[in-house]
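Listed below are the residues making up each chain.
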Amino acid sequence: ETGVTQTPRHLVMGMTNKKSLKCEQHLGHNAMYWYKQSAKKPLELMFVYNFKEQTENNSVPSRFSPECPNSSHLFLHLHTLQPEDSALYLCASSQDIAGASYEQYFGPGTRLTVT
Amino acid sequence: DQQVKQNSPSLSVQEGRISILNCDYTNSMFDYFLWYKKYPAEGPTFLISISSIKDKNEDGRFTVFLNKSAKHLSLHIVPSQPGDSAVYFCAARGQGSSNTGKLIFGQGTTLQVKP
């Protein structure tokens, strides 16, 4: 596999469920990101990890819990979500978070529906 | 307050002509700007970037222009092809975010290139 992969591609969950989104990058990058895209809104950064350390938490509610066990894998654990959390969740990676190697490469996203 | 704005939600051009996508920003501390393209059911794809110390960057059919005094950047696609039909996002990185990896995205402009 190449690039950035995300599983599952689609997820429907109830408000009391616990689920996890998975992201894997095969690019040898050091930084990974979670974004949320709601309908009619810009991409919104959620979390950034650089060399497995979290460098950014964009005031995300605690019902979203990220995990980065290594530079190639990133998880987003979901629990007690609300219907307004329904959105496209995108993972991205980059070689670094600064300098010229900053361009982020995105996965296809997970379409999440909370019922 | 939205710091990166794409005021045109859609643009339609004829194949072979020039497509010009515009983006305005409010934060003069942004040091890096990027353009992404997104097809339905796929994640955004990096297109081209420009540092704030430059006013132009060209890559094949794609050229990005930066006018810092006007806080405006544009993406030119020449010649436009039907395969360019997609949603285009501009994004910016603040100097203060150079060690956190945070990008701020515009709302996107849907480009339709007619054969």
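Before going into details, it helps to say that this report is about the structure given with it. Just so we're clear, the structure is a prediction, and the values are computed from it rather than from any experiment.

### Things to note about the interface of chain B and chain A
Logical step 1: Contact with chain B, which involves 22 residues of that partner, is made by 24 residues of chain A.
Logical step 2: Considering every element that reaches the side of chain B that touches chain A, the biggest residue donor is strand E4 (residues 30-38) of chain B, with four residues.
Logical step 3: Here the side of chain B that touches chain A is built from residues that sort into nine nonpolar, nine polar and four charged.

### Focus on the pairing of strand E11 (residues 109-114) of chain B
Residues and elements named next belong to chain B.
Logical step 1: Because side chains alternate across E11, one face comprises the buried residues Thr109, Leu111 and Val113, and the other comprises Thr110, Gln112 and Lys114, none of which is buried.
Logical step 2: With five bridges joining them, strand E2 (residues 10-14) and E11 adopt parallel strand pairing. Looking at E11, one finds that Ser12 is bridged to Gln112.
Logical step 3: In this sheet, E11 lies alongside strand E9 (residues 86-94) in antiparallel orientation, the contact comprising three bridges. Within the sheet, the bridge partner assigned to Val87 lies in E11 and is Thr110.

### Digging into the side chain of A:Gln25
Residue and element names in this part refer to chain A.
Logical step 1: Relative to the elements of secondary structure, Gln25 occurs in strand E3 (residues 18-25).
Logical step 2: For Gln25, a relative accessible area of 3% corresponds to the buried category.
Logical step 3: Polar contacts involving the side chain of Gln25 include one to the main-chain carbonyl oxygen of His29, which spans 2.8 Å.
Logical step 4: Apart from the residues lying within four places of it in its own chain, the contact partners of Gln25 are Gly3, Val4, Met32, Ser71, Ser72 and Ser93.

### With respect to the layout of surface pockets
Logical step 1: Of the pockets and cavities examined, the largest pocket occupies roughly 350 Å³.
Logical step 2: Around the largest pocket, the lining comprises 16 residues; the ones closest to its centre are A:Gln37, A:Lys40, A:Lys41, B:Phe89 and B:Gln107.
Logical step 3: Residues of the lining of the largest pocket, tallied by class, amount to seven nonpolar, five polar and four charged.
Logical step 4: Of the volumes computed, that of the second largest pocket is approximately 240 Å³.
Logical step 5: Contributing to the lining of the second largest pocket are 13 residues, with A:Leu43, A:Glu44, A:Asn58, B:Ile104 and B:Phe105 lying nearest its centre.
Logical step 6: When residues of the lining of the second largest pocket are traced back to their parent elements, those giving at least two are strand E5 (44-50) of chain A together with strand E10 (103-105) of chain B.
Logical step 7: Looking at the lining of the second largest pocket, the element that brings in the most residues is E10(B), giving three residues.
Logical step 8: Taken together, the residues of the lining of the second largest pocket sort by class into six nonpolar, three polar and four charged.

About the criteria used
- Residues numbered from 1 in each chain as written.
- Chains lettered and ligands numbered in written order.
- Predicted model: local features only at pLDDT ≥ 70, side-chain atom pairs only at ≥ 80, totals over all residues.
- Heavy atoms only, no water.
- Contact = heavy atoms within 4.5 Å.
- Helix = DSSP H or I, 4+ residues; strand = E, 2+ residues; numbered from the N terminus.
- Nonpolar A, V, L, I, M, F, W, Y, C, P; charged D, E, K, R; others polar.
- Buried < 20%, exposed > 50% of the residue type's maximum accessible area, 1.4 Å probe, protein only.
- Pairing = 2+ DSSP bridges.
- Polar contact = N/O pair within 3.5 Å; in protein donor to acceptor, adjacent residues only side chain to side chain.
- 1 Å grid on protein atoms, 1.4 Å probe; cavity = no way out; pocket = protein on both sides within 12 Å on 5 of 7 lines; lining within 4 Å.
- Points joined across faces, edges and corners; volume = space filled by probe spheres on them.

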